[in-house]
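The primary structure of each chain is shown beneath.
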Amino acid sequence: MTEVVDPSRRQPPRRRVPGPARPAPAQRRPGPGARPARRPAPGRPAAPRVIKLGSPRPRLRMVGLALTLVLAAFVLRLFQVQAVDASTYAAKADQNRYVGQVLAAERGEITDRTGVALATSEDAYDITADPTMFSRAQLKVDDGPEQAAALLAPILGQEQSALVGKLRPKNPDTRYTKLAGRQTPQVWKQIKDLKSALAAKARTDRSTVNVLAGVFSVPSTKRVYPNGDLAAGILGWVNAEGKGGGGVEQQLNTTLSGKDGKIRYAQSGGRQVPTVGSAETPAVPGADVELTIDRDIQWAAQNAITEQVAKSKADRGYVVVQDARTGEILAMANSPGFDPNDLSSANPAALGNAALQDAYEPGSTAKVMSMAAVLEEDAATPLTHVTVPNRLHRGDRLFQDDIDHATWYLTLNGVLAKSSNIGTILATGQLGKTQAQANQVLYSYLRKFGIGSYTGLDFPGETKGILAPPGKWSTSQQYTIPFGQGVSINAVQAASVYSTIANGGVRVQPTLVRGTKGPDGHFTPAPTPKKTRVVSAGTAKDLSRMLESVVDDREGTGTKARIPGYRVAGKTGTANRVDPATGKYRGYTSSFAGFAPADNPRITVYCAIQNATAGSYFGGQICGPIYKQVMEFALKTLQVPPTGGRPANLPVSFAP
């Protein structure tokens, strides 16, 4: 019986599933006794041939060696940088990273005796630059300094070539240069606005270069003189380097300037990095200087002398006002003057302080010293009779007075009141048994009064005048020096002579500085001035009474100096003037000196005008009114009342 099988239950035939290929054994030559290689059975495929890869170890060794050499080079270089050359690279890094700047000290003020500022400082900026930021490497242009200089020159008022030289220094490593010092805030604002505009344009237009990126500012101060030319001869000025260039600014520069500080900080792109520490030494401000000057009296003196110099068409003039008791200078005015705020417009001949720097022959105002010697030596009294001829022959010259006259019969007081040259020669001739002895005595008194010596102000450029020793006096000088020719002085010396008489015969060394006030507010008074007895109090009193006759007596030469209500002592002077340009006599020095109140002196005023060419040139005519104007103002300002005393009224002449 045949079995029937359900096709659906028939098992499919098994398929041989190939397993993983086994690698063929390496082909090698059979050795002795080896079995012969089997050949594949017929109908079976041959086993695939497998290629064996080479070992990677040699390559790895080569790569490892190369990496080792590279790392060794890095290690050696790192060792060199961090150990061998560490200090060198650190210094270079500091040089490029850190910037040092000077912190300018604030200059002290100069004030008058009441604290009114005559010279002060206001905020300003030093315009600086980093020259390395103008190089081609930085700006990608060759003419960076030229472009920057073209923009800055009109703002700073400098030549473009000068700015280029600063922006392209000889040393390429220079990181700091000052383009302009002490510029106003308005100047820096112009530069800052232009710099910002260029930076904004450079951000939107790649062809634009901000050539001002390396320009910066450092806070500073600028010297200002609020009163313009008032007391400019005393104050002086400050130069572009911030140092005093004349006057008190130069004389007391160290005191006023203080001590500059410095700061060193990290920077990037010309800007300070705030997160990196900086080293700073603060600046020490200068001390304030208080002068003896009274601003109002200074103004009155300067106004008066300026008007008269213009009216007389003179070369120049000066007025000195002094406190007769203390020696303090209350005013020292010069005309023409200058404005220290604008030196570019100043006349070079007007710079300085002519009242201390001009040496000239004083003329008859010097006769008071001759009379002091005569009285102190008891050679005569104010009432001694002196017969004054029309001409007097002495030595190799024939002397005469300013006016032609018949024989005068004068007292010694009258000789001074009428300013007689001949009478003065005769009086001083009594100082010794011989002319040589008389010369020696007169010389000793001139020296006591301060002639031929510095005033003690220690002022820059001051002259001590010219007074030769008596052994070198020429034949004519023996007779001209007694009336003020052949000897030279300055205006402060002349004022000091009259203050000495006003102070009872004691000379107080003139002073111009009352003291200084430090940054801590502590006031240090100036040293006490030196005092010297020149003549006795009795001689000084006699001289004061004689000087009153010059002003009060109708025959006196100084009547235009009278001040209603006050007793005034004074003396006129008209001297032949040596022309500084030629060294020969040309023109006149006109002067007036005196003090008030005559019986209780408080203030001395001295005026001199050089080479008046319009109107009168006599001292009593053109300087007497100035004396009156300035003296009246000073008496009122200092509230000096009249004494109410009666004038001495010493006789001027006698009946023969």
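Residues numbered from 1 in each chain as written. Predicted model: local features only at pLDDT ≥ 70, side-chain atom pairs only at ≥ 80, totals over all residues. Heavy atoms only, no water.

**Digging into the nonpolar core**
And step 1. Ranked by size, the top nonpolar core spans 92 residues in total, and within it Leu291, Met332 and Leu512 carry the most contacts.
And step 2. Shared between two domains, this core holds at least three residues of each, these being domain 1 (102–291) and domain 2 (295–338 + 353–638).
And step 3. Judged by nonpolar contacts, the second largest core, of 32 residues, contains Val309, Ile563, Phe592 and Ile603. (Core = buried A, V, L, I, M, F, W, Y, C linked by side-chain atoms within 4.5 Å. Buried < 20%, exposed > 50% of the residue type's maximum accessible area, 1.4 Å probe, protein only. Domains from an automatic or database assignment.)

**Digging into the pattern of salt bridges**
And step 1. In total, this model carries 21 salt bridges according to the counting rule given.
And step 2. A salt bridge links Arg545 to Asp542; the nearest nitrogen and oxygen atoms lie 3.8 Å apart. Note that Arg545 and Asp542 are positioned in helix H18 (residues 537–552) at a spacing of 3 residues, about one turn of the helix.
And step 3. In this structure Arg545 comes out as partly exposed when scored by relative accessible area, which is 31%.
And step 4. Put simply, Arg113, Glu290, Glu328 and Arg514 are held in one network by salt bridges that share partners. (Salt bridge = Lys/Arg side-chain N within 4 Å of Asp/Glu carboxyl O. Helix = DSSP H or I, 4+ residues; strand = E, 2+ residues; numbered from the N terminus.)

**A few points about helix H10 (residues 295–312)**
And step 1. For H10, with 18 residues, the first-to-last C-alpha span of 26 Å sits near the 26 Å given by 1.5 Å per residue.
And step 2. Looking only at H10, the buried set comprises Ile297, Gln298, Ala300, Ala301, Gln302, Ala304, Ile305, Gln308, Val309 and Ser312.
And step 3. The inward-facing, buried residues of H10 abut helix H7 (232–235), strand S12 (316–323), strand S13 (329–335), strand S24 (603–610), helix H19 (619–622) and helix H20 (624–637).
And step 4. Two to three positions downstream of the cap, the backbone nitrogen of Asp296 sits 3.0 Å from a side-chain oxygen, assigning the N-cap of H10 to Asp294.
And step 5. One or two residues past the end of H10 sits Lys313, with phi positive at roughly 50°. (Expected span 1.5 Å × (residues − 1). Contact = heavy atoms within 4.5 Å. Polar contact = N/O pair within 3.5 Å; in protein donor to acceptor, adjacent residues only side chain to side chain.)

**Remarks on the side chain of His405**
And step 1. Residue placement: His405 occurs in the loop between strand S16 (397–399) and strand S17 (408–411).
And step 2. There is a polar contact of 2.8 Å between the side chain of His405 and the side chain of Asp401.
And step 3. Among residues more than four places away in sequence, those in contact with His405 are Val388, Pro389 and Asn390.

**Considerations on the packing of H10 against H20**
And step 1. Closest axis-to-axis distance for the H10/H20 pair is 10 Å, and the angle between their directions is 165°. Classed by the angle they form, the pair H10 and H20 counts as roughly antiparallel. Judged by the sense of rotation from one axis to the other, the crossing of H10 with H20 is right-handed. On H20, the residues touching Asp296, Ile297, Ala300, Ala301, Asn303, Ala304, Ile305 and Gln308 of H10 are Ile626, Gln629, Val630, Phe633, Ala634 and Thr637.
And step 2. Taken together, the residues that form the contact of H10 with H20 break down as 9 nonpolar, 4 polar and 1 charged. (Axes fitted to C-alpha atoms, helices over the stretch in contact; angles between N-to-C directions. Parallel < 35°, antiparallel > 145°, perpendicular 65-115°, else oblique. Left-handed = near helix turned anticlockwise from the far one by under 90°. Nonpolar A, V, L, I, M, F, W, Y, C, P; charged D, E, K, R; others polar.)

**Overview of unusual backbone geometry**
And step 1. Here the amide bond leading from Ser335 into Pro336 is cis, since omega sits at 0°, within 30 degrees of zero.
And step 2. Summarising the element assignment, Pro336 is placed in the loop between S13 and helix H11 (354–357).
And step 3. Here the residue pair Ala596 and Pro597 is connected by a cis peptide bond, since its omega of -15° sits within 30 degrees of zero.
And step 4. A positive phi angle, close to 60°, is found at Asp378, a residue other than glycine.
And step 5. In this structure, Asp378 sits in the loop between helix H12 (367–376) and strand S14 (385–388).
And step 6. Asp378 sits in the exposed class, given a relative accessible area of 68%.

**A closer look at the confidence of the model for the protein chain**
Note that predicted coordinates carrying low pLDDT should not be read in detail.
And step 1. When the pLDDT values of the protein chain are averaged, the result is 88; 87% of them are 70 or greater.
And step 2. Note that residues 1–5 has pLDDT below 50 and, in this model, 0 contacts with residues that lie over four places away or in other chains. (pLDDT = per-residue confidence, 0-100.)

**Focus: the packing of H12 against H18**
And step 1. Running from N to C, H12 and H18 cross one another at 135°; their axes reach a closest spacing of 10 Å. The angle between H12 and H18 falls in the class oblique. In the crossing of H12 with H18, the sense of the turn from one axis to the other is right-handed. From H12, Val368, Met371, Ala372, Leu375 and Glu376 reach across to H18, where they touch Thr539, Asp542, Leu543, Met546 and Leu547.
And step 2. Along the lines of polarity and charge, the residues of the contact of H12 with H18 split into 7 nonpolar, 1 polar and 2 charged.

**Focus on the pairing of strand S23 (residues 585–596)**
And step 1. The sheet contact formed by strand S22 (residues 569–578) and S23 spans 9 bridges and is antiparallel. The partner of Gly570 across the bridge, within S23, is Gly594.
And step 2. Counting the residues that bridge the hairpin from S22 to S23 gives 6 residues, and of these Gly583 lies at a positive phi of roughly 75°.
And step 3. Bridge count for S23 against S24 is 8 bridges, and the pairing is antiparallel. Note that in S24 the partner of Ala593 across the bridge is Tyr606. (Pairing = 2+ DSSP bridges.)

**Observations concerning the packing of aromatic side chains**
And step 1. The tally for this structure, following the rule as stated, stands at 11 aromatic pairs.
And step 2. Aromatic side chains Tyr409 and Phe654 sit 5.8 Å apart centroid to centroid with 80° between the ring planes, which places their arrangement in the edge-to-face category. Taken together, the positions of Tyr409 in strand S17 and Phe654 in the segment after H20 put the pair 245 residues apart, joining distant regions of the chain.
And step 3. Just above the ring of Tyr445 sits the side chain of Lys448; from NZ or CZ to the centre is 4.8 Å. (Phe/Tyr/Trp six-rings, centres within 6.5 Å; stacked < 30°, edge-to-face > 60°. Lys NZ or Arg CZ within 6 Å of the ring centre and 35° of its normal.)

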